[in-house]
Amino acid sequence: MAAPLTLTVNLVARFPNSVSADARPGYSGFIVTKESLTEVATAIRDEFGYDLLTAVIAVDYINENKMEVVYHAYKTTGGPGLVFKVQVERVDPIEVPSLVEIWAGADFQEREAWDLHGIKFIGHPDLRRILMWEGFDGHPLRKDWKEAFYEEDTKPFKSRWPDGQFYMAESKNPFKDNINFPKDFDPDTLIVDKEEDLYSSLERHSTKDDDGLKTDHIVVNMGPHHPSTHGVLRVALTLDGETIVGLKPVMGYLHRNHDKIGERNTYLQIIPYTDRLDYFNSMSNNFGYAITVEKLMKIAVAERAEYIRVIMAELTRIQNHLVFAGTLLNDLGAMYTPSIYAFEERELILDIFEEVSGARMMCNYFRFGGVVRDIPDHVMQKIKDLVFERLPAKTDEMERFLNENEILVARLKGVHVLSAEDAVRYSVTGPVLRAAGVPYDIRRADPYSVYDRFDFDVAVRYNCDMLDNYLIRFDEIRQSIRILEQAIKQIPQGPINSQKPAYQVRVPAGEAYGRVESPKGELGFYIISNGKPNPWRYHVRPASFVNMTALEKMCLGTKIADFIALLGMLDIVMGELDR
């Protein structure tokens, strides 16, 4: 989205020698010189009011011999975003100033840009790989990086179509390993015998109590194989007794380089891959990707399809939050009863998804300009029965069973999560931000689709503790039901797609960033098109990944007994986090 004219004039006037409008056709935002990046970013936050930095994205323009870092900043009071970029020559070492001191939420995203693109952020407090392992050879999102089984840059590969001479890629590698090791590295002879090598990023020290008793801090691993870490996540905790004094999440166990897969596929081929990000909420994933490509194509969405999209997205939000409550109670020791109650409602909603899309989890339902098929009359009746009768009653039932349970309340109440200032500083979005007292919801702050036609409130709570983080999910379920009631009553008749069915779509050259309010927070897609059938740059900004940046801040000074509950508040899904 182009910046308002007054902002363009003011920012360029404020930094006449450091900032210029991005004049490339199809692009928007500002180009900032590397030397002035820190100063300009500080002014963008403090003088212009863009306090929420949501996305930090690296781009490799190999043909122009340059690298670019793209930043997306927003105001928590609402409105469109500000895009600013820094460009550097593509010669190692590629160095850009770190913005972690200005926006702490840039931490993990800068580490990702270093890991996958090899951009070194000067001044970053802990610049290590984050999705690949430390011994990985190269930076896999660079355009000149080739994997062990490299065949072609884009699909469809000629061996599949039109030639049809397919083969198993492993057959070309005598060792059957889809990996290249760094020079002189042999995993069979690797021996790690020093604790410093295992925990090099964790400060090791001792403390003395009032009586002079010297105690060592100890490191405890939570995960990666643990049912309460929401998948394969390892968190290394440094403890002083039972108090958390240091924490480092170790991720990447599920990483398959979703961005690289997207850049290899055609625009239509990417849609089913988005299902597999937050695999609990595939409809929301489809939504975010579809509106991004539609921005590039500059096409309208069929009116009926807009309402269908909202219905699917809000049903998705309801089942997500119900399952959040059930699994959180499971994490806290209530075993499986609340979880099973929650999954019963999820299964009924998945019945709807199956009837409209043909699949329960990996729905592949959205298309550019609309959706792939209409809602049959008998399915619409099922949706009405759920929305007007069953879901309100079952939400009441869950609240009656759980929300006044004295053990649950005692377990959650008063355990601090994040203040409003810290939540914004760490780029947290979604229910956790709103439970910190910041009423920021993209559906209201920067509306997309037809959300501006519905009457609903932004759920917000102000105690900043775990109880409010838990209860706000029920507040949001109530608001989703309000939206669904209106959408069902207002949905018009008509076509479900503004475009003709096609195996290939024409996407004009340019860039676009599209975002939706997913159940976890801001889910954003950044796409650069060069006019060809495959995107030049495809990037996912997942809420699960960025929200994790605040985990250490949330946990410092708390007891280890609270860690699993605090992690649960972020409602992460590792398929989205690792990509």
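Structure: above.
Residues numbered from 1 in each chain as written. Predicted model: local features only at pLDDT ≥ 70, side-chain atom pairs only at ≥ 80, totals over all residues. Heavy atoms only, no water.

K.L.:
Describe in detail the pattern of salt bridges, supporting the description with residues and values.
P.N.:
Throughout the structure, instances matching the rule amount to 45 salt bridges. For D259, the salt bridge is made with R537, and the minimal N-O distance between the two is 3.4 Å. Of this pair, D259 sits in helix 5 (residues 258-264) while R537 sits in strand 17 (residues 537-541), and the two are 278 residues apart along the sequence. A residue is classified by how much of its surface remains accessible, and D259, at 2% relative accessible area, is buried. For R537, a relative accessible area of 4% translates into the label buried. Its salt-bridge partner being R537, residue E263 comes within 3.1 Å of it at the nearest N-O pair. On the criterion of sequence distance, the pair formed by E263 in helix 5 and R537 in strand 17 is long-range, its members being 274 residues apart. Each member of the salt-bridge network shares a partner with another, and the members are E314, R317, R434, D441, R443, E476 and E517. (Salt bridge = Lys/Arg side-chain N within 4 Å of Asp/Glu carboxyl O. Helix = DSSP H or I, 4+ residues; strand = E, 2+ residues; numbered from the N terminus. Buried < 20%, exposed > 50% of the residue type's maximum accessible area, 1.4 Å probe, protein only.)

K.L.:
Tell me what's going on with the pairing of strand 11 (residues 234-240), and back it up with residues and numbers.
P.N.:
Across the seven residues that make up strand 11, a large majority, six, are buried. By the bridge criterion, seven bridges tie strand 11 to strand 12 (residues 243-250) in an arrangement that is antiparallel. Bridging across to strand 12, L237 finds its partner in L247. As consecutive antiparallel partners, strand 11 and strand 12 are separated by two residues, and within that stretch G241 has a phi angle of approximately 70 degrees, a positive value. (Pairing = 2+ DSSP bridges.)

K.L.:
I'd like a rundown of the nonpolar core, residues and numbers included.
P.N.:
In this structure, Y470 and F563 are the most contacted members of the largest nonpolar core, which totals 140 residues. Taken domain by domain, this core gets at least three of its residues from each of domain 1 (5-122) and domain 3 (258-578). Contacts of F563, omitting those with residues within four sequence positions, involve M222, V235, L237, I244, L247, L551 and C555. Within the second largest apolar cluster, 33 residues are counted, among which are V19, L37, Y50 and A58. (Core = buried A, V, L, I, M, F, W, Y, C linked by side-chain atoms within 4.5 Å. Domains from an automatic or database assignment. Contact = heavy atoms within 4.5 Å.)

K.L.:
Quick one: what's the story with the sheet that holds strand 10 (residues 218-222), residue by residue and with numbers?
P.N.:
An order of 10-11-12 is seen for the three strands of this open sheet, with the pairing classed as antiparallel. Of all strands in the sheet, those bounded by a partner on one side alone are strand 10 and strand 12. On average, each strand axis in the sheet is tilted by 25 degrees relative to the strand beside it, whichever way the strands run. (Axes fitted to C-alpha atoms, helices over the stretch in contact; angles between N-to-C directions.)

K.L.:
I'd love a proper account of the packing of aromatic side chains, names of residues and values included.
P.N.:
Applying the stated rule across the entire model yields 18 aromatic pairs. Taking the centre distance of 5.8 Å and the plane angle of 35 degrees together, the rings of F136 and W145 count as tilted. On the basis of relative accessibility, which here comes to 12%, the residue F136 falls in the buried class. Taken together, a centroid distance of 6.5 Å and an interplanar angle of 50 degrees make the contact between Y279 and F280 tilted. In this structure Y279 comes out as partly exposed when scored by relative accessible area, which is 28%. Members of the aromatic cluster, connected to one another through ring pairs, are F287, Y307, Y365, F366, Y448, Y451 and F454. (Phe/Tyr/Trp six-rings, centres within 6.5 Å; stacked < 30°, edge-to-face > 60°.)

K.L.:
Hey, could you go over unusual backbone geometry for me, with residue numbers and the actual values?
P.N.:
Across the junction of D92 and P93, the peptide omega takes the value 0 degrees, indicating a cis bond. Positionally, P93 belongs in the loop between strand 5 (82-89) and strand 6 (94-97). Residues other than glycine seldom take positive phi values, yet N257 does so here, at roughly 60 degrees. Turning to its location among the elements, N257 is positioned in the loop between strand 12 and helix 5.

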